[in-house]
Amino acid sequence: MTTLADDLRQAWRQLRRQPGVALAIVATLTLALGVNTALFSILRAVVFGAVPVHDPDALVAIYTVDRKNPGHMPVSDATAFDVRDALGDEVPLTFFAVRSVAVATPEGRTQVAAILATANYFDVIGVPPALGTGFTATADVGADVDEVVVSHAFWRSHLAADPDVVGQRIVVEGVPLTIVGVGPEGFAGTNLFDASVFVPYASHGAVFPEVPWFGMRRFLAFEILARLPESLPFEVFDARITAIAERIAAANPDEIGTRRLHAVPFAHAILGPDQRATVVLAAALGGTIVGFVLLVACANAANLLLARASTRHGELALRGVLGATPGRLLRQALFEALLLAGCAGLLSIAIAPTLRDGLWLLRPPLLQMASLQPAIDGRVLGFTAAATLATGLIFGAAPALRAARIDVTSPLRHHATAGAASHRRVRSALVVTQVALSFVALLAAGLLLRSVTNATAVDPGFAVDELAAFDLHATPTAAAQITDALADMPGIEAAAVASQLPFGHNEFRRTIAVDAPTRSDAPTGLLVRTASVDPGWRAAMGIAELAGRDFHGDDDSKHPMVAIVNDTFAAVYWDGGTPVGQNIRFAGVRDPVRIVGVVTTTKTGSVTETPQPFVYIPLAQWPHQADLQLVVRSSAPEAAIEAVMAALEARDDATVSRPRRLTEDRDAALGPMRSAAVLLLLFGALAVALATSGIHAVMTYAVRQRTREIGIRMALGAQAHHVHRQLLGEAVALVLVGNGLGVAGGLILQHALTDHLFAVPLGDAITFGGVALVVTVAALAAAWCPARAATRIDPARAIHHR
Amino acid sequence: MSREPSPLLTLDAVGKVYVNDEIETHALRDVYLSIDPGEFVAIAGPSGSGKTTLLSLLGLLDVPSAGTYRFGGEDVARLSATARARVRNLDVGFVFQSFNLIADLTVFENVELPLVYRGVDPRTRRARVREVLERVDLGNRTDHLPTQLSGGQQQRVAVARAIVGAPRVLLADEPTGNLDSANSTAVMELLRELHRGGSTVCIVTHERQLTRWAGRIIRLLDGRIVAEDATEAA
Ligand SMILES: Nc1ncnc2c1ncn2[C@@H]1O[C@H](COP(=O)(O)OP(=O)(O)O)[C@@H](O)[C@H]1O
Ligand SMILES: [Mg+2]
């Protein structure tokens, strides 16, 4: 015990003796640990879903899967009811759908996301209201209920944070509803759509009389969340769901087909189970690179400690002479490192919230959900503690091993230079490591930036730069009047509406078969992206027509059904020739649909996608129940946005919201990649900055240590530029080796990222060359000044230098 | 006839070779030497003859390349670095030519170090350090830093540090080499006093004075013992 106290006391004394070194180490490590802590807090929230519900680990989501089509889809309410009945009371289960609604409050009308949920919604997810209650309804079928719960954010923004709001009424989709509660702060539902109002499922007849989802097994609109009791392991539950799905399918073979159910842990469901892989990959990449930053900081710290250790060589040796065992000297050195790491760890916790807030600002739209809040909680602090300990052990290792191997005979010798050469080797190795790590860190950013630039330059197949887009809440008749009126306005070349726009979230896929394909390998049925569009849509978008005609006013419910396909769809079924005049069939629709036109393939989900089959159908034949998308073509889209908003303000049969340029949607679809690129660029820059400062410190120290050698060289006639060149030459050698290792690491990294990069060839010369240039210039700039300083050494004094 | 005391230190056919960048230096060859408890031995020889090497072997700072070394009857030639550190801490005291005090520890803390490494509790440490500092006549300098002392005073601190743990042997490498004559004399008197008090002392020195006091002078040349002179004193 006394030895421990002595060791601690001595470690403290050492740090106080050279406060500059200690400060430099603590500052570097604080920054690196702070960034790691901040990122970990974010990654934990994103990957494991820090949404404010009770015991999220016990929640399970259930999705529809179909072996014919990849991905997870929602569930129909009919199936959800069956699942709930089959599970019984043991497993509380809620299901809900998200829908855009018009809400009128005393403060005005607005368009918001609503969650239509079963009566037990708040109980199952475990969210207590801030005011009033959750739903008071107890049944989901039967009586119409008049109640609504509003989110905390909505209560503040649209209800003036009125404490007496419970009992007041707001109008949802034209139906007055009584507010029974206000949700807790920070809660806006459990998925990407930040919900402002929560309406009980039982009131769907009153609030959504026209929405066709209800009681229809083909309409997959609902998400299921179930809360598992402790006695029920996930695997057992999943097996039970599989069995239930088989039974439901057997009872409804026509409507269910090959669709089955699949249970997914809630944490995986928050961002959507299909998006999660990307997020996890981005998280892994960000985590790796920020880990590199920490390693670079460790190398810095190790270098500074080693530099200091060589000035303390004599003292360490003396302690050895007096009986300090190698183990004790090792422990002593490790103690010092851990003490420094500990200080840095504590400080990093202090700066982590600020860093986290800064990094969180960079998140992509996919993560812009109000409920997702990265906290710095016990687990994050546990991570920081572990990272701090690891950091101390890593950067303390080299100095500690060196201390343990100290040459105890050196106090007997007059000039203790033993060990200096091997010191220099270790420090050179550390510099090489730093250069290599910062190379890879910067390269990761470079590769993603290059992908983003490549992607942005892709021609999506329509006039993306000239288009403005809006969400439009209006009847089909009103929508037609609006597009006609807008098209006549000066500065607006065309206006049209559609159910979906490219790069939107609400893609709608339908299963389509073809009557008479000519390709022998044509699939029997294909799940194809579709959109209902009005007659002017193709021209407004600027999509090229290849054959046939546009939709026109007569393509309505009184006339035969028609469709326009893109050339990718055509190529799946027909070997050349035009498919105009061919019949296709939509699952669940009795009549055939005749192809009347062929257009070029455009990008629909993202500019980085491979060409996708697409089928356009007329809005007048396929009425769309949710909000429409209004597009306006103009050579000055920003001005057009202003004009449209002003023109539509006066109409009370329509609400427009989310005005934007279509380029914004395109860029948003690139959002995760762009955010990752910016984040990595920050980390890469940090790594380079740390490495640079490390190289500067090592060079400065090396020059000081070699004063005598340099003095002798100069006394023998070396010129200033000889000395300068020699020192710089040594630095160049290290930097080149570091770059070489960096290139190797970079190739491995790029190989691992192949699927997530866009049009970047392996070992891309511009990216690799650019990174090498930045790293080399930064490193040599850091070495330049100390090397310069060496040329000003006075040989006469240096020779007597000890 | 009195029985011969069993020797404290015995070197048998000891050699030491330094290998540096493929150059071998035979610093010691075929050395036989034994030192009895209570002896005062001086080691002399020209520069480079192996004096310091011999002392570092005797003090278990280094291990011989050949031969055996018994310390208090125990074979110590092949001990691990940790075991040697223990023996040094308990049984060996060192005094160097260049004092080798730790610059930012006080006089008290410098002297205390061997006891710290021995795991002695702070109270006992304090008493013992006071005692030896009184003995070297520096009882009033405990809180000074080494740089605030003269060379002679620093070397007396070093002697105090060497004897604080009551080692079985005191080794000194040219302890007066960096001192003026007045300070040399004071340090030499101190060493002689310690010897008279029963300590075993082994000193590398060129000082006439010290060689005269020594019971035996070992002369080295090119790593070999060329002569052992018994002197009349002690
Ligand atoms: N660590 C070492 N590595 C290589 N040679 C050494 C080392 N220490 C001493 N020597 C060599 O061993 C010989 C004896 O040195 P030393 O014992 O220091 O002599 P003295 O103390 O008598 O001057 C010298 O030739 C010296 O150069
Ligand atoms: Mg010597």
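Given the structure is predicted, the values throughout are model-derived calculations rather than measurements.

If you check the shell around ligand 1, you find 13 residues, and the closest are Arg-413 of chain A together with Gly-48, Lys-51, Thr-52 and Thr-53 of chain B. Residues within reach of ligand 1 are spread across chains A and B. Taking Gly-48 of chain B, its main chain carries an N or O atom lying 2.7 Å from an oxygen atom of ligand 1. Gly-50 of chain B places a main-chain nitrogen or oxygen 3.0 Å from an oxygen atom of ligand 1. Burial of ligand 1 by the surrounding chains reaches 70%, relative to a free accessible area of 560 Å². Looking at the shell around ligand 1 residue by residue, the class counts come to 3 nonpolar, 8 polar and 2 charged.

Turning to the packing of aromatic side chains, a few remarks are in order. Each pair of aromatic rings is reported with the distance of its centres and the angle of its planes. All names here are of chain A. With the rule as written, the count across this model stands at 24 aromatic pairs over all chains. Seen in terms of ring centroids, Phe-586 and Trp-622 are 4.7 Å apart; in terms of plane orientation they differ by 45°. Their pairing is tilted. Taken together, the residues span a long stretch of sequence, with Phe-586 in strand E18 (residues 583-586) and Trp-622 in the loop between strand E20 (614-618) and strand E21 (628-633) at a distance of 36 residues. Side by side, Phe-586 and Trp-622 carry an identical accessibility label, which is buried. Among the aromatic residues, those joined into a cluster by ring pairs are Phe-96, Tyr-121, Phe-122, Phe-135, Phe-187 and Phe-198.

Once that is clear, we can look at the domain arrangement of chain A. Residues and elements named next belong to chain A. Per the domain assignment, the segments of chain A are domain 1 (56-269) and domain 2 (464-669). Measuring from the centre of the C-alpha atoms in domain 1 to the corresponding centre in domain 2 gives 30 Å. Note on domain 1 versus domain 2: buried area summed over both sides is about 960 Å², and carbon and sulfur give 49% of it. At the junction of domain 1 with domain 2, the criterion picks out 4 residue pairs in polar contact (both at pLDDT 80 or more). Among the elements of the structure, strand E2 (69-73), strand E3 (93-105) and strand E4 (108-117) are those that each provide at least two residues to the side of domain 1 that touches domain 2. Per-element tally for the side of domain 1 that touches domain 2: the top contributor is E3, with 3 residues. Looking at the side of domain 1 that touches domain 2 residue by residue, the classes come out as 3 nonpolar, 3 polar and 5 charged.

Residue and element names in this part refer to chain B. Sheet analysis places strand E9 (residues 216-221) next to strand E10 (residues 224-230), joined by 6 bridges and oriented antiparallel. Across the sheet, residue Leu-220 finds its bridge partner in E10, namely Ile-225. In textbook terms, the turn of a hairpin is the stretch between consecutive antiparallel strands, and for E9 and E10 this stretch comprises 2 residues, one of which, Asp-222, has a positive phi near 50°.

Quick look at the interface of chain A and chain B now. Taken residue by residue, the interface counts 24 residues in chain A and 30 residues in chain B. Summed over both partners, the interface of chain A with chain B comes to about 2,500 Å²; 59% of that surface belongs to carbon and sulfur atoms. Here chain A and chain B share 1 salt bridge between them. Notably, a salt bridge pairs Arg-13 of chain A with Glu-109 of chain B, separated by 2.5 Å at the nearest N-O pair. Across the chain A-chain B interface, the total number found is 6 residue pairs in polar contact (both at pLDDT 80 or more). If you list the elements that add at least two residues to the side of chain A that touches chain B, you get helix H1 (2-17), helix H11 (313-321) and helix H12 (326-360) of chain A. By residue number, the principal contributor to the side of chain A that touches chain B is H1 of chain A, which donates 7 residues. For the side of chain A that touches chain B, the class distribution of residues is 8 nonpolar, 8 polar and 8 charged.

Before going further, it helps to examine the environment of Phe-383 of chain A. Residue and element names in this part refer to chain A. Among the structural elements, Phe-383 can be located in helix H13 (residues 378-404). With 342 residues separating them in the primary sequence, Phe-383 and Ser-41 have C-alpha atoms 9.2 Å apart. Not counting the four nearest positions on each side in its chain, Phe-383 is found in contact with Asn-36, Thr-37 and Phe-40.

Conventions adopted
Residues numbered from 1 in each chain as written. Chains lettered and ligands numbered in written order. Predicted model: local features only at pLDDT ≥ 70, side-chain atom pairs only at ≥ 80, totals over all residues. Heavy atoms only, no water. Near = heavy atom within 4 Å. Polar contact = N/O pair within 3.5 Å; in protein donor to acceptor, adjacent residues only side chain to side chain. Areas by Shrake-Rupley, 256 points an atom, 1.4 Å probe, with all protein chains shown as cover. Nonpolar A, V, L, I, M, F, W, Y, C, P; charged D, E, K, R; others polar. Phe/Tyr/Trp six-rings, centres within 6.5 Å; stacked < 30°, edge-to-face > 60°. Helix = DSSP H or I, 4+ residues; strand = E, 2+ residues; numbered from the N terminus. Buried < 20%, exposed > 50% of the residue type's maximum accessible area, 1.4 Å probe, protein only. Domains from an automatic or database assignment. Buried area = accessible area lost by both parts, 1.4 Å probe. Pairing = 2+ DSSP bridges. Contact = heavy atoms within 4.5 Å. Salt bridge = Lys/Arg side-chain N within 4 Å of Asp/Glu carboxyl O.

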